[in-house]
Amino acid sequence: KAGVTQTPRYLIKTRGQQVTLSCSPISGHRSVSWYQQTPGQGLQFLFEYFSETQRNKGNFPGRFSGRQFSNSRSEMNVSTLELGDSALYLCASSSGGSNSPLHFGNGTRLTVT
Amino acid sequence: QKEVEQDPGPLSVPEGAIVSLNCTYSNSAFQYFMWYRQYSRKGPELLMYTYSSGNKEDGRFTAQVDKSSKYISLFIRDSQPSDSATYLCAMWGNTGNQFYFGTGTSLTVIP
């Protein structure tokens, strides 16, 4: 079974731009979650989508948004990029139960200059 | 206070040693406990998934949960250089309906 696929692997953007990251979950998984990982803060929860609906949201500003499509694929968008948005963005999928373990992709490394 | 506390290390051990990695937590509502391994430039990989107190063994890995002390551990027996990675603990409880992660412990196993 193919794992979670994230594209692109690396991105370099300029402050003020916007960016869209993509995630394809494991086949059959209906839940997709997004996390931001930085050396100082560890993994911070952004949001979770289940059956195209946002089921849960972390404490990030409205510049961070996401969506999920009918095939469970998900995208995350960050608008008006700031230097502090530089991080590894991880997508994780699960079968759908709230406590089902997460299976992560290899992430998108975003650098904002 | 953070929901989950994890010593960042770094931890360096000789090959063959027994490694003990630990996390403490403050929320007694946490019911499910996980350990992930993350290699450099990769995403976290699920190692162990446990519910409630007690031990769970999988090969060289043993996960231990002590809910009364709000303390979880991961033991690695006969450690190998390929075990060199960052280990993350994670927990889930129906408070907030989300997973809470430790910041990770960096482990190096020296041949």
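Residues numbered from 1 in each chain as written. Chains lettered and ligands numbered in written order. Predicted model: local features only at pLDDT ≥ 70, side-chain atom pairs only at ≥ 80, totals over all residues. Heavy atoms only, no water.

Draft legend 1. Quick look at the sheet that holds strand β3 (residues 19-24) of chain A. Residues and elements named next belong to chain A. An order of β1-β3-β8-β7 is seen for the four strands of this open sheet, with the pairing classed as antiparallel. Only two strands of the sheet have a single neighbouring strand rather than two, namely β1 (5-7) and β7 (64-68). Across the sheet, the axes of successive neighbouring strands diverge by a mean angle of 20 degrees, strand direction being ignored. (Pairing = 2+ DSSP bridges. Helix = DSSP H or I, 4+ residues; strand = E, 2+ residues; numbered from the N terminus. Axes fitted to C-alpha atoms, helices over the stretch in contact; angles between N-to-C directions.)

Draft legend 2. Layout of the pattern of salt bridges. Going through the model one piece at a time under the given rule, you end up with eight salt bridges over all chains. Arg55 of chain A serves as the salt-bridge partner of Glu48 of chain A, at 2.6 Å between the closest nitrogen and oxygen. The buried category is assigned to Glu48 of chain A, whose relative accessible area is 9%. When the shortest N-O distance is used, the salt bridge between Arg37 of chain B and Glu45 of chain B registers 3.1 Å. For Arg37 of chain B, a relative accessible area of 12% gives the class buried. Look at the salt bridges and you will find they share partners, linking Arg63, Glu82 and Asp85 of chain A into a network. (Salt bridge = Lys/Arg side-chain N within 4 Å of Asp/Glu carboxyl O. Buried < 20%, exposed > 50% of the residue type's maximum accessible area, 1.4 Å probe, protein only.)

Draft legend 3. Broad picture of the interface of chain B and chain A. The interface of chain B with chain A comprises 19 residues on the first partner and 21 residues on the second. With both chains or domains summed, chain B and chain A bury close to 1,600 Å², and 54% of this area falls on carbon and sulfur atoms. Contact with chain A buries surface across chain B, with Pro44, Phe99 and Phe101 of chain B losing the most and accounting together for 29% of the total. Run the count over chain B and chain A and you get zero salt bridges. At the boundary of chain B and chain A, one finds six residue pairs in polar contact (both at pLDDT 80 or more). Counting residues per element, the ones that place at least two in the side of chain B that touches chain A are β4 (30-38), β5 (45-51), β9 (85-93) and β10 (98-101) of chain B. When residues of the side of chain B that touches chain A are assigned to their parent elements, the largest contribution, four residues, is made by β4 of chain B. When its residues are assigned to classes, the side of chain B that touches chain A shows 10 nonpolar, six polar and three charged. (Contact = heavy atoms within 4.5 Å. Buried area = accessible area lost by both parts, 1.4 Å probe. Polar contact = N/O pair within 3.5 Å; in protein donor to acceptor, adjacent residues only side chain to side chain. Nonpolar A, V, L, I, M, F, W, Y, C, P; charged D, E, K, R; others polar.)

Draft legend 4. Representation of the nonpolar core within the structure. Counting 25 residues, the largest nonpolar core has Trp35, Ile72, Leu74, Tyr87 and Met91 of chain B as its most contacted members. Only β3 (19-25), β4, β5, β7 (61-66), β8 (71-76), β9 and β11 (105-110) of chain B provide two or more residues apiece to this core. Formed by 21 residues, the second largest nonpolar core is a distinct cluster that contains Leu11, Phe60, Cys91 and Leu110 of chain A. (Core = buried A, V, L, I, M, F, W, Y, C linked by side-chain atoms within 4.5 Å.)

Honestly, it's all geometry; don't read function into it.
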